[in-house]
Amino acid sequence: MEASQGGTGKMVGAQVRRVEDPRVLLGKSQYVDDLDLPNSLALAFVRSPYAHARIVSIDAAAAQNQPGVRLVLTGADIAGAIKPLRVEYEPAKAPTHKPCDWPVLAQDKVRFVGEAAAVVVAADRYAAEDAAGLIDVEYEPLEPVSDVEQALAADAPLVHEEWGDNVMQTLQAEIGDVAKAFQEADCVVSERLTTGRHMALPMETRGCVASFEPATDTLTVWSSTQVPHVLRSHIALVLDFPEHHIRVVAPDVGGGFGQKGHLFPEEAVSAYLAHRLGRAVKWIEDRRENLSASLHAKQQAVQAELAVRQDGTILGIRGRFVGDVGAYSEYPWGSAFEAGHAASSLPGPYKTPAFSFEAVSVATNKTTIGVYRGVGLPIGVLTMERLMDLAAHKLGLDPAEIRLRNMIRKEEHPYTTIIGAEVESGSHRESLQKALDILGYQECRAEQQRARAQGRYLGIGIGCYLEGTAPSSAAFASMGLNLGGYESATVRMDVAGKVTVLVGTHSHGQSHETTLAQVAADELGVPLADVKIIEGDTNAVPYGMGTWGSRSAVTGGGAISRASEKLRNKMLRIASRMTEVPDDDLELAEGMIRRRADTTPLMPIKELAHRVLVQAGSLPRDEEPGLDATAHYEPPPSTHANATHIALVEVDSDTGQVTLLRYIVVEDCGTIINPTVVDGQIQGGVAQGIGTALYEHALYDENGQFLTGTLMDYLIPTAIDVPQVEIGHIESPSPHTPHGIKGVGEGGAIAPPAAIANAVADALAPFEVRVDAIPLTPERVLGWIEQRQAAA
Amino acid sequence: MAATQFTEYQTIRVRVNGHEYEREVPVRRLLADFIRHDLGLTATHLGCEHGVCGACTIIMDDESVRSCLLFAVQADGAELQTLEGLADGDKMHPLQQSFWDNHALQCGFCTSGFLMSAVDLLNKNPRPSEEEIRHGLSGNLCRCTGYANIVKAVQAVAEQSQS
Ligand code: FES
Ligand code: FES
């Protein structure tokens, strides 16, 4: 770990209340729909009712004549003006990847229910939606591709004709001798799994406001986005508009969890219209649009095998993951990402000598798949952890024991995994052991036996994972994707010695105004209240990558630490001249320049700030004026967090209902910046993971018709469904990052499907059901029980 | 369907957070849109506009209601309270304070709805059990927090008022 040189280290690790809360609690926060610009027009999109259809004609005459309607545009109208969203990978790195065009308004055909075919611009949203209802689109329905099996059949209809088939990308790898491992194994277990089609479902839907100011020739887009600079660059690209005349502002963002990390067709259309009309326009998505036309996630069909020795030692793993990516590719990252991420995560924290996988991403006529908290990991971890339980069962080993035997040990760090990742530090066995202790594992097993005797079915399920957080630029480059993993920050001190931090991450609930301020406060030796964090305005903050991939604490924190270090060095250099104490004997702490050895205060920081910024004439001549510094921080190739989750469930064998009795997490995200915030991330992530495991499924019928268009159909957990998570912490700092920080944002959501599925399988062991699909809805679980009973 | 049938207007009078408003509104204007865009009280949020998420919860004549399921004209003559009316100036209501103390919000989008539902819950049942709090708040969805800290925050206020 790179220690903070200048600060007293008091704020990193402190349990401070959130700086951002009073604004929200007093109703003063500003989400994008709270912005009402004068003379603003509203947009409504006309969306396809068909999964797959050719557009024969569009008659907008009746809509055009409606009062309040300013303009109607179809795909044909904007074909030359807005480029389609097209994800390109470097062909040399991703030879099997097939790019496709995602037209911002459908051109010749529509490829999913909900695809935008036209847009209405009107005086307000009521008028816009009235008019949208009057637009007559004539479709010629085509046979839809409704699942991956059908998509891969030889005579399947094609989502993108130019591909020749429906495969977006196939990734394959074999490391070590897998065939030999399976030949030599004492025991082989295999699993076929299907997962639901989940989604991030932020409570605030997508939306943006765009306006154009002729006086400054500036196009401004306020968007509910996680990635302001990524948005700016890609709006410039698709509109062919000079990027230095575009400003993107992300105001308060009401959740994102991956979904809002993209440029969407609607944002491109909004920006285009603001420029074309010279008027502000607003597009706020409704919930039905969010459910049907934003991004889905995680639907995969998995086949995997595990080869072990008699004592449970892993010899080899192989897996095939087929991802149902939907109609297009999330822009600019690409939807084929997810299946590969799931597949390559299989070995997890377990030492694996031989591993092969295949990840096939298949296009269908559904909403496009995009990243959602944990991306492929929840599915990879579910698969591996099911296999571990199956192997333990077959060998007569305890499920905890087989894991402990195979996990990377503390003394083996840095450990290079089978896929070549260096696991720099961690606490795999320790976190499992601690979670078992919190649960009271042996007592729970005894309780399970007693309950079974009374006809009650309790189950204990373990889910362990290893997560590479904060991916680096090189990680993307190796996939053939030209996007950065670095982050940037500027740290400025003002005349009063207070600090403004401008950073390229963007909180959508992750508490950056607090946690990143804690980092800066320590680095510069000032009180927390003297630090202000600014994010989300591309005219203010240096070019950065935004918030996703459990990256902000590592990369935003890293950039702030590095920028602070530059500023601190300059301050100490100047202070050294003023105090005649060598600069390496000085430190910044508690608002003072102090002598390091005995902490004697020599001068208030604010006095130094005033001397440098205002009384600049007295500065040494070889010293530049000014008190700000910028740093661009590239994270290490890997920053690994780990955790163990344990679920204790009860399954009602008459109804199939799964009740969570207890849920335990022992996490290790390296150095904790703020324990309250980390616990909050875990609790919230687990709630989402419970949704993935038990309830959520975006459903289509065999015609590709979307069936879950309201929150009464797509069910997320409520206050009744989520227990208080019992959380334990272990801190294994990263040796490679400032303060030893690792990422934590996604972790909570990664292991619940594994832990809960294992717990349900354990509960239903007397019935010998095969838990091979999520979500574990009562209907599905009861079906398994009844099937087994009928067979018996 | 022609839009012209919706152009009828009606004048309504409402008291919101103690202020009297008289406005002419289209009869089909949602109460939520009226509060947010006509009165500029944007603390009330819309998460679904179909009555499920609870983000739009306000208090109308001492009852919590979903402002996305009402037309503005249905509030004619009513007394409304939104989040903006909860604090006493800058002094937070005990529930607001407790949400802050207990880290009961992350992105904050659902928070206004939860606070108004909690106000209603504690008005009707000043000493709810944890289970009653969970049931009382089960009509509000939060995608960030996993609810535990929200439940704690409400519990803490209920306990305070008992001591
Ligand atoms: S917006 Fe009213 S209940 Fe969701
Ligand atoms: S805090 Fe984000 S939805 Fe509740």
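Residues numbered from 1 in each chain as written. Chains lettered and ligands numbered in written order. Predicted model: local features only at pLDDT ≥ 70, side-chain atom pairs only at ≥ 80, totals over all residues. Heavy atoms only, no water.

S.K.: In this structure, what is going on with the side chain of Thr-547 of chain A? I would like to understand it.
M.R.: All names here are of chain A. Relative to the helices and strands, Thr-547 resides in the loop between strand 23 (531–534) and helix 17 (552–579). Polar side-chain contacts of Thr-547 include one of 2.7 Å to the backbone nitrogen of His-506. A polar side-chain atom of Thr-547 sits 2.7 Å from a polar atom in the side chain of Ser-552. Not counting chain neighbours up to four residues away, the residues in contact with Thr-547 comprise Gln-226, Thr-505, His-506, Ser-507, His-508, Gln-510, His-512 and Ser-552. (Helix = DSSP H or I, 4+ residues; strand = E, 2+ residues; numbered from the N terminus. Polar contact = N/O pair within 3.5 Å; in protein donor to acceptor, adjacent residues only side chain to side chain. Contact = heavy atoms within 4.5 Å.)

S.K.: How do you make sense of the pairing of strand 2 (residues 53–59) of chain A when you look at a structure like this?
M.R.: Along any regular strand the residues' side chains alternate between the sheet's two faces. All names here are of chain A. Where strand 2 and strand 8 (residues 136–141) come together, six bridges link them in antiparallel fashion. Residue pairing in the sheet places Ala-53 in a bridge with Pro-141 of strand 8. With two bridges connecting them, strand 2 and strand 6 (residues 109–110) associate as antiparallel partners. Residue pairing across strands places Ala-53 opposite Val-110, the latter belonging to strand 6. (Pairing = 2+ DSSP bridges.)

S.K.: Explanation requested: the confidence of the model for chain B in the structure shown.
M.R.: Low pLDDT marks regions whose predicted coordinates should not be analysed in detail. Averaged over every residue, the pLDDT of chain B is 95; residues scoring 70 or more account for 95%. What the predictor reports for the complex is a pTM of 0.97 with an ipTM of 0.96. (pLDDT = per-residue confidence, 0-100.)

S.K.: Help me understand the sheet that holds strand 15 (residues 300–308) of chain A in this model?
M.R.: Think of a sheet as strands paired side by side through backbone hydrogen bonds, with each pair either parallel or antiparallel. Residue and element names in this part refer to chain A. Here we have five strands laid out as an open sheet, ordered 9-17-16-15-10, and mixed in their pairing. The sheet is open, and its two edges are formed by strand 9 (167–175) and strand 10 (187–194), each paired on a single side. On average, adjacent strands in this sheet sit at an angle of 5 degrees to one another, irrespective of strand direction. Here strand 15 runs beside strand 16 (residues 314–326); their pairing, made up of nine bridges, is antiparallel. Counterpart to Val-308 in the pairing with strand 16 is Ile-314. Each of strand 9, strand 15, strand 16 and strand 17 (355–363) is contacted by helix 10 (residues 337–344), which is oriented at about 160 degrees to strand 17, the strand it contacts most. In the packing of helix 11 (residues 377–395) onto the sheet, contacts are made with strand 10, strand 15 and strand 16, and the angle to strand 10 comes to roughly 140 degrees. (Axes fitted to C-alpha atoms, helices over the stretch in contact; angles between N-to-C directions.)

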